[in-house]
Protein chains: 2
Amino acid sequence: MTTIQAMGQRAKEVSVDLRKLTTQQKNQALLAIAEDLLAHTREILQANEQDLLLAQENGMSPVMQDRLRLTAQRVQDMAQGARQVAGLDDPVGRVLDGKTLPNGLRMQKVAVPMGVVGMIFESRPNVTVDAACLCLKSGNCCLLRGGKEALRSNQALAGIMRRAVERTGLPADCIQLLEDTSREGAREMMRLNGYLDVLIPRGGAGLIRSVVENATVPVIETGTGNCHVYVDASADLDMAVQIIFNAKTSRPSVCNAAETLLVHRDVAEAFLPMAQQALAEKHVELRGCPRTMEILGRHVIPATEADYATEFLDYILAVRVVDSLDEAIKHVNTYSTGHSECIVTNDYTASERFTQEVDAAAVYVNASTRFTDGGEFGLGAEIGISTQKLHARGPMGLRELTTTKYMIFGQGQVR
Amino acid sequence: MTTIQAMGQRAKEVSVDLRKLTTQQKNQALLAIAEDLLAHTREILQANEQDLLLAQENGMSPVMQDRLRLTAQRVQDMAQGARQVAGLDDPVGRVLDGKTLPNGLRMQKVAVPMGVVGMIFESRPNVTVDAACLCLKSGNCCLLRGGKEALRSNQALAGIMRRAVERTGLPADCIQLLEDTSREGAREMMRLNGYLDVLIPRGGAGLIRSVVENATVPVIETGTGNCHVYVDASADLDMAVQIIFNAKTSRPSVCNAAETLLVHRDVAEAFLPMAQQALAEKHVELRGCPRTMEILGRHVIPATEADYATEFLDYILAVRVVDSLDEAIKHVNTYSTGHSECIVTNDYTASERFTQEVDAAAVYVNASTRFTDGGEFGLGAEIGISTQKLHARGPMGLRELTTTKYMIFGQGQVR
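Remember, predicted model here, so these are calculated numbers, not experimental data.

**So, the overall build of chain A**
- The helix and strand inventory of chain A stands at 15 helices and 16 strands.
- Taken over C-alpha atoms, the radius of gyration comes to 24 Å for chain A, in line with the 22 Å a tight globule of 415 residues would show.
- With respect to the principal axes defined by its C-alpha atoms, chain A has extents near 70 × 70 × 35 Å.
- Of all 415 residues assigned to chain A, the portion counted as buried reaches 60%.
- In chain A, once contacts between residues fewer than 6 apart in sequence are set aside, the share between residues at least 24 apart is 72%.
- For chain A, the computed accessible surface area is about 16100 Å², with 47% contributed by carbon and sulfur atoms.
- Taking the 43 positively charged and 50 negatively charged side chains of chain A as two groups, their mean positions are separated by 7 Å.

**Remarks on the interface of chain B and chain A**
- Each partner contributes residues to the interface: chain B has 71 residues there, and chain A has 71 residues.
- Between chain B and chain A, roughly 6100 Å² of surface is buried when both sides are summed, and carbon and sulfur atoms account for 51% of that area.
- Broken down residue by residue, the surface that chain B buries against chain A is led by Lys389, Leu390 and Arg415 of chain B, which jointly contribute 14%.
- Our enumeration of links across chain B and chain A arrives at 10 salt bridges.
- Linking Arg19 of chain B and Asp359 of chain A is a salt bridge whose minimum nitrogen-to-oxygen distance equals 3.5 Å.
- Viewed at the interface, chain A and chain B are joined by 43 residue pairs in polar contact (both at pLDDT 80 or more).
- Within the residue set of the side of chain B that touches chain A, elements represented by two or more residues are helix H1 (3–19), strand E2 (106–113), helix H9 (205–214), helix H10 (237–249), helix H15 (348–357), strand E13 (362–367) and strand E16 (402–413) of chain B.
- No other element matches the 11 residues that E16 of chain B contributes to the side of chain B that touches chain A.
- Split into classes, the residues belonging to the side of chain B that touches chain A amount to 31 nonpolar, 22 polar and 18 charged.
- Strand direction decides the pairing type here: strand E13 (residues 362–367) of chain A and E16 of chain B, joined by 5 bridges, are parallel. Bridging across to E16 of chain B, Val365 of chain A finds its partner in Phe409 of chain B.

**Details of the packing of aromatic side chains**
- For the coordinates displayed, the defined rule picks out 6 aromatic pairs over all chains.
- Relative to Tyr335 of chain B, the ring of Tyr308 of chain B lies with its centre 5.8 Å away and its plane at 50 degrees, an arrangement referred to as tilted. Separated by 27 residues along the polypeptide, Tyr308 of chain B in helix H13 (residues 305–308) and Tyr335 of chain B in helix H14 (residues 325–335) bring together distant segments of the chain.
- Arg320 of chain A extends its terminal NZ or CZ atom over the ring of Tyr308 of chain A, reaching a point 5.7 Å from the ring centre.

**What to know about the relation of the copies chain B and chain A**
- When chain B is fitted onto chain A, the two copies agree to an RMSD of 0.0 Å after a turn of 180 degrees and an axial shift of 0.0 Å. Between the two chains, the operation in question is that of a two-fold axis. Across chain B, the rotation axis passes nearest the C-alpha of His391 of chain B, at a separation of 1.7 Å.
- When the interface residues of chain B are mapped onto chain A, 100% of them are again interface residues, pointing to one common binding face.

**Quick look at the environment of Ala72 of chain B**
Residues and elements named next belong to chain B.
- Structurally, the position occupied by Ala72 is in helix H5 (residues 72–87).
- A relative accessible area of 39% places Ala72 in the partly exposed class.
- A sequence separation of 189 residues divides Ala72 from Leu261, and the C-alpha atoms of the two residues are 40 Å apart.

**A few points about the nonpolar core**
- Counting 71 residues, the largest nonpolar core has Ile33, Leu37 and Leu199 of chain A as its most contacted members.
- A per-element tally of this core places helix H6 (residues 126–137) of chain A first, with 8 residues.
- Setting aside anything within four residues of it in sequence, one finds Ile33 of chain A in contact with Ala82, Cys133, Leu136, Met161, Ala164, Val165 and Ile175 of chain A.
- Within the second largest apolar cluster, 70 residues are counted, among which are Ala34, Leu37, Ala82 and Val85 of chain B.

**A word on helix H7 (residues 151–167) of chain B**
All names here are of chain B.
- Spanning 17 residues, H7 covers 24 Å between terminal C-alpha atoms, matching the ideal 24 Å at 1.5 Å per step.
- Burial in H7 covers these residues: Leu151, Ser153, Asn154, Ala156, Leu157, Ala158, Gly159, Ile160, Met161, Ala164 and Val165.
- Check the buried side of H7 and you find it contacts helix H2 (23–39), helix H3 (41–57), H5, strand E3 (116–121), helix H6 (126–137) and strand E5 (175–177).
- In the segment just after H7, Gly169 is the residue with positive phi, at about 95 degrees.

**Overview of the environment of Gly374 of chain A**
- Position of Gly374 of chain A relative to the elements: it lies in the loop between E13 and strand E14 (384–386).
- Excluding anything up to four places from it in sequence, Gly374 of chain A contacts Leu379, Gly380, Glu382 and Pro395 of chain A.

**A closer look at the sheet that holds strand E4 (residues 141–145) of chain B**
Residues and elements named next belong to chain B.
- Ordered in space as E5-E4-E3-E6, the 4 strands form an open sheet in which the pairing is parallel. Both edges of this open sheet fall to E5 and strand E6 (198–202), since each of them pairs with a single strand only. With strand direction ignored, the average angle separating the axes of adjacent strands in the sheet is 20 degrees.
- Pairing geometry for E3 and E4, over 5 bridges, is parallel. Within the sheet, the bridge partner assigned to Ile120 lies in E4 and is Arg145.
- Sheet contacts for H1: E3, E4 and E5; angle to E4, the most-contacted strand, approximately 150 degrees.

**Remarks on the packing of helix H2 (residues 23–39) of chain A against helix H7 (residues 151–167) of chain A**
Residues and elements named next belong to chain A.
- Axis separation between H2 and H7 bottoms out at 8 Å; the angle between their running directions is 135 degrees. On the basis of the axis angle, H2 is oblique to H7. You can see that H2 and H7 cross each other, and the crossing is right-handed. Facing H2, whose interface residues are Ala29, Ala32, Ile33, Glu35, Asp36 and Leu37, H7 presents Leu157, Ile160, Met161, Ala164, Val165 and Arg167.

Rules used in this analysis
Residues numbered from 1 in each chain as written. Chains lettered and ligands numbered in written order. Predicted model: local features only at pLDDT ≥ 70, side-chain atom pairs only at ≥ 80, totals over all residues. Heavy atoms only, no water. Helix = DSSP H or I, 4+ residues; strand = E, 2+ residues; numbered from the N terminus. Rg over C-alpha atoms; globule rule 2.2 N^0.38 Å. Buried < 20%, exposed > 50% of the residue type's maximum accessible area, 1.4 Å probe, protein only. Contact = heavy atoms within 4.5 Å. Areas by Shrake-Rupley, 256 points an atom, 1.4 Å probe, with all protein chains shown as cover. Lys, Arg positive; Asp, Glu negative; His and termini not counted. Charge placed at Lys NZ, Arg CZ, Asp CG, Glu CD. Buried area = accessible area lost by both parts, 1.4 Å probe. Salt bridge = Lys/Arg side-chain N within 4 Å of Asp/Glu carboxyl O. Polar contact = N/O pair within 3.5 Å; in protein donor to acceptor, adjacent residues only side chain to side chain. Nonpolar A, V, L, I, M, F, W, Y, C, P; charged D, E, K, R; others polar. Pairing = 2+ DSSP bridges. Phe/Tyr/Trp six-rings, centres within 6.5 Å; stacked < 30°, edge-to-face > 60°. Lys NZ or Arg CZ within 6 Å of the ring centre and 35° of its normal. Least-squares fit on C-alpha atoms with pLDDT ≥ 70 in both. Core = buried A, V, L, I, M, F, W, Y, C linked by side-chain atoms within 4.5 Å. Expected span 1.5 Å × (residues − 1). Axes fitted to C-alpha atoms, helices over the stretch in contact; angles between N-to-C directions. Parallel < 35°, antiparallel > 145°, perpendicular 65-115°, else oblique. Left-handed = near helix turned anticlockwise from the far one by under 90°.

Dropping the structure here:
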């Protein structure tokens, strides 16, 4: 048995204990985590400093270094996150359905922990704390595998959390960090059938693809967002400018940012120059279809087929003029990754058709795609945004870390 | 693009139309299927006869031939099944959750079709009709891949259903049957990412394992049931005899049949001879632990470790005497496939602990494991029994063939 298999087996053993914890016990452990993170800030920052030195030696980009960097404030934020999770409703034990069958069997469908949740993520060390806290509150053991470049930070954080939960009487092994950050280690984790109940990757498109391609355990695909804003013929054009400006530029690096603007031909001549002017403030590069180029002229780069399929995550926007709502819906359903899609319209039928016919986790009428987020949706916390259709779709909070169990009470019934 | 990819692409195209169907349109199509199956009974039986002749030439066992065989009665049953699905509530369009956010955004979480559902199954041709009808009612296109030995029967059934739905104005391609029944064809189907939203295998352990091992599309694992009956120290022993007799012998070949009997040591001497006598009526072979053998003597075969892990699907029962409830729970959580588990007890604490601590889709107190079934649970129909924790757990009906979509209505909100 390899180290990773042994960790999986241990997680499965410990999951039996975790299933039995009361909300109070879990909250105590979360508050202990918050307390200990603060008390050990210096230890955390020292470990992080080592990661950063190595990263600088290896020529990591300043943007990536910023993702990796922890500060006293960021440690406080993590502690505050743990406290916030303690304050959320316990997702375990909710009775979701129930009835008495004709033969007198009483049945209940109850929310229960998944068991063992695996997470593979990249450079931000705060995911280590977020994931551990959400898994703990939902009664799950977690197996965490962060990026190589954050190993020392993650080791410090996991060590502190393990000691904290142990101090409140929980098994330390309900939080386990893989110290093997090789590709082979990740592959092995993806194939821990029998131990891992679900694997959630969080990171770039390459990581997600590798997990989908290689995993044999159940996976929740997260995070890729090729989001569209469609400006209908009946749109309030000022509103449409505000929405595309917000959706594209408020935070271009996140998955709910817009990547393509579709405009109905009837308003293209009026709207496109307005949009161009607004977006110019943030130096957004436009990549347009031939009709867009006719209207906006030489400031626009010709869009390729690939541009429509690309999640730029940058100040770049593909633009296309469409002949009809039908063409807009077809474009969206062709290129969308199923994350967040928006129509700006004042036409009842158009709003109905867009919301019904577009296939995505979140479909907006007259609002920015940027709202697709666990916090905005009121979930309290978020472990990721699912772009698949199985189990969870859209922002995933604590409830999405539970499964169900039928409990059936009889008096000797046989079939 | 291969044939199978082209079918996937076509299914995805057609899924846009299927999403828009009203309940009435779907029910009309289902009733047309029922009607046409009956009207073409002769064509179906002729095709089936060809499959059977080939099967006999290839030396197929009589049991397997019976699974493959269609009769006028079985065709009537399939038609009745289609009518029954027409009578069930439409799972699409249910508003599952909703609220108005502080910024005035109105959000709804609505049940919507998955899109394209793939099914890989074995010899019973009735699965072709069941699966197509359940997918249709839930607004999904289906891609069906049955066994090689049932190809002609499945072609006849799929052809009739395609013409029937077309007659009511639906696209025939909402039901597609793969005629390539090779292993390579199945593998290709398992990797139709971008086209298949979910793949559900139905069949033996080998098929399920192959799908879990090879699929890159989201899978719902179904059907393996290594189910236990635990007779607690406080059990009503007569009730316990009835339950184990029913759970083991009423239909040994199905996944909710019991495979192992666990008995608390305090009642082992009284109970085991009673159970042995009852089970002897059906010539059940007992494979026991050393203590079982001491009590029951030479009629029992020694159980191996492998016996406890085996889904016999036959008149064979593993038997083990345990020292405590803890040992029983540990045994179940070690060997269970997470399907259905039962405790026979009159002890409150034991019933509480068993239902809370055993990790399975359905946990019974004082009732046979045989009740885990879509029909028995009142789901109306069943597309399979999930033994995984993602998306659906236990019997899956129409609701489990839907996903969700957030629809969000604003007045220009930006973040």
